[in-house]
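One letter stands for each residue in the lines below.
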Amino acid sequence: IKRNNQHLFWAPNNEFSDGRSFDPLYQDVTITSLHGDATWNLGKTTALRGRVAQHNYHFRDSLTNDQAAWFLPQFELESSITHTIKTKLRLKANILIQTGRAGLSAIGDNFLAPIAIQETDQIVGYVDDLDNITLLDLQAEYLYNARLSGWLKINNVLNQANPFFTGYDNQSLRFQMGASYSF
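Since the model is a prediction, treat every value here as computed from it, not as a measurement. (Residues numbered from 1 in each chain as written. Predicted model: local features only at pLDDT ≥ 70, side-chain atom pairs only at ≥ 80, totals over all residues. Heavy atoms only, no water.)

Here we look at the overall build of the chain
Logical step 1: A count of helical and extended segments in the chain gives 0 helices and 11 strands.
Logical step 2: Going from the N terminus to the C terminus, the chain shows its helices and strands as β-β-β-β-β-β-β-β-β-β-β.
Logical step 3: The buried share among the 183 residues of the chain stands at 32%.
Logical step 4: Pairs at least 24 residues apart make up 52% of the contacts formed inside the chain by residues separated by at least 6 positions.
Logical step 5: Carbon together with sulfur atoms contributes 55% to the accessible area of the chain, which is approximately 11,700 Å² in total. (Helix = DSSP H or I, 4+ residues; strand = E, 2+ residues; numbered from the N terminus. Buried < 20%, exposed > 50% of the residue type's maximum accessible area, 1.4 Å probe, protein only. Contact = heavy atoms within 4.5 Å. Areas by Shrake-Rupley, 256 points an atom, 1.4 Å probe, with all protein chains shown as cover.)

Structure below.
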């Protein structure tokens, strides 16, 4: 995959910023991914699905003094199990794990390497290794008929912070409910 103008989030480090806002910078990047998907049907009512992906990022011209793929994962693993009871109740569990992510932090200390724009040597942040992301979601769906269903989802069951961007934690435990109607 080749992406022109891939966004790079920059958290300004100055007297007017607390690091909770960011400005975008853009770079051209080529993403090479090796991934595999598998589905295993256990009878007529249960299915296991899995996906694994390894990513490599290459920047044509590095905007900064470090060619890291900011906030993008090096490795992803996703798995789900779906079970249907008497063709009316569908239960699903999904887990997503992302690892190998580097972020930019607006505030540095003696242990973080500064990142600067190459042309101006302006420091735009500091390398901050982000924690791995682990998301577990559960869903129950009642299938009233072929067109109408109602569902309940519980996202982030493990109630993990899962920062997708430095300083921006993911939403904690979240409930959703709704209905679907097909035409």
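Describing unusual backbone geometry
Logical step 1: The phi torsion at K86 lies on the positive side, around 50°, for a residue other than glycine.
Logical step 2: Note that K86 resides in the loop between β4 (75–85) and β5 (89–99).
Logical step 3: Here the phi dihedral of N159 falls at roughly 55°; this positive angle occurs in a residue that is not glycine.
Logical step 4: Structurally, N159 is set in the loop between β10 (148–155) and β11 (174–181).
Logical step 5: By relative accessible area, N159 is classed as partly exposed at 46%.

Describing the nonpolar core
Logical step 1: Ranked by size, the top nonpolar core spans 10 residues in total: A68, W70, F71, A102, L104, I115, I117, V124, V127 and L130.
Logical step 2: At the level of secondary structure, the elements contributing two or more residues to this core comprise β6 (102–105) and β8 (123–129). (Core = buried A, V, L, I, M, F, W, Y, C linked by side-chain atoms within 4.5 Å.)

Focus on a nonpolar patch on the surface
Logical step 1: The grouping of I85, L89, L91, Y142, Y144, L148, Y181 and F183 at the surface amounts to a nonpolar patch, some 840 Å² of accessible area in total.
Logical step 2: F183 gets classed as exposed once you look at its relative accessible area, which sits at 86%. (Patch = residues over 30% accessible without salt bridge, like charges linked within 9 Å, V, L, I, M, F, W, Y side chains within 5 Å. Salt bridge = Lys/Arg side-chain N within 4 Å of Asp/Glu carboxyl O.)

Structural notes on the sheet that holds β8
Logical step 1: Spatial strand order, β6-β8-β7: 3 strands in an open sheet with antiparallel pairing. At either end of the open sheet lies a strand with only one pairing partner, and these are β6 and β7 (114–116). Between one strand and the next, the sheet's axes are offset by a mean angle of 45°, whatever the strand orientation.
Logical step 2: Bridge analysis of β6 against β8 gives 4 bridges, and the strand direction is antiparallel. For S105, the partnering residue across the bridge sits in β8 and is Y126. (Pairing = 2+ DSSP bridges. Axes fitted to C-alpha atoms, helices over the stretch in contact; angles between N-to-C directions.)

Focus: the pairing of strand β9 (residues 133–143)
Logical step 1: Pairing of β5 with β9, which is carried by 10 bridges, proceeds in the antiparallel orientation. Of the residues in β9, the one forming a bridge with I95 is L136.
Logical step 2: Pairing between β9 and β10: 6 bridges, direction antiparallel. From the neighbouring strand, L143 faces β10, where its bridge partner is S149.
Logical step 3: Between β9 and β10, which follow one another and run antiparallel, lie 4 residues.

A closer look at the side chain of T46
Logical step 1: Mapped onto the elements of the fold, T46 is located in strand β3 (residues 46–59).
Logical step 2: Owing to a relative accessible area of 14%, T46 belongs among the buried residues under this scheme.
Logical step 3: Engagement of the side chain of T46 in a polar contact is seen with the side chain of H83, the distance being 2.5 Å.
Logical step 4: The residues contacting T46, other than those within four sequence positions of it, are W40, N41, I81, T82 and H83. (Polar contact = N/O pair within 3.5 Å; in protein donor to acceptor, adjacent residues only side chain to side chain.)

With respect to the pairing of β8
In summary, the side chains of a regular strand alternate between the two faces of the sheet.
Logical step 1: Bridge count between β7 and β8: 3 bridges; the pairing is antiparallel. Counted as the bridge partner of A116 is I123 from β8.
Logical step 2: Hairpin remark: β7 followed by β8, antiparallel, with 6 residues in the connecting loop; positive phi at D121, about 60°.

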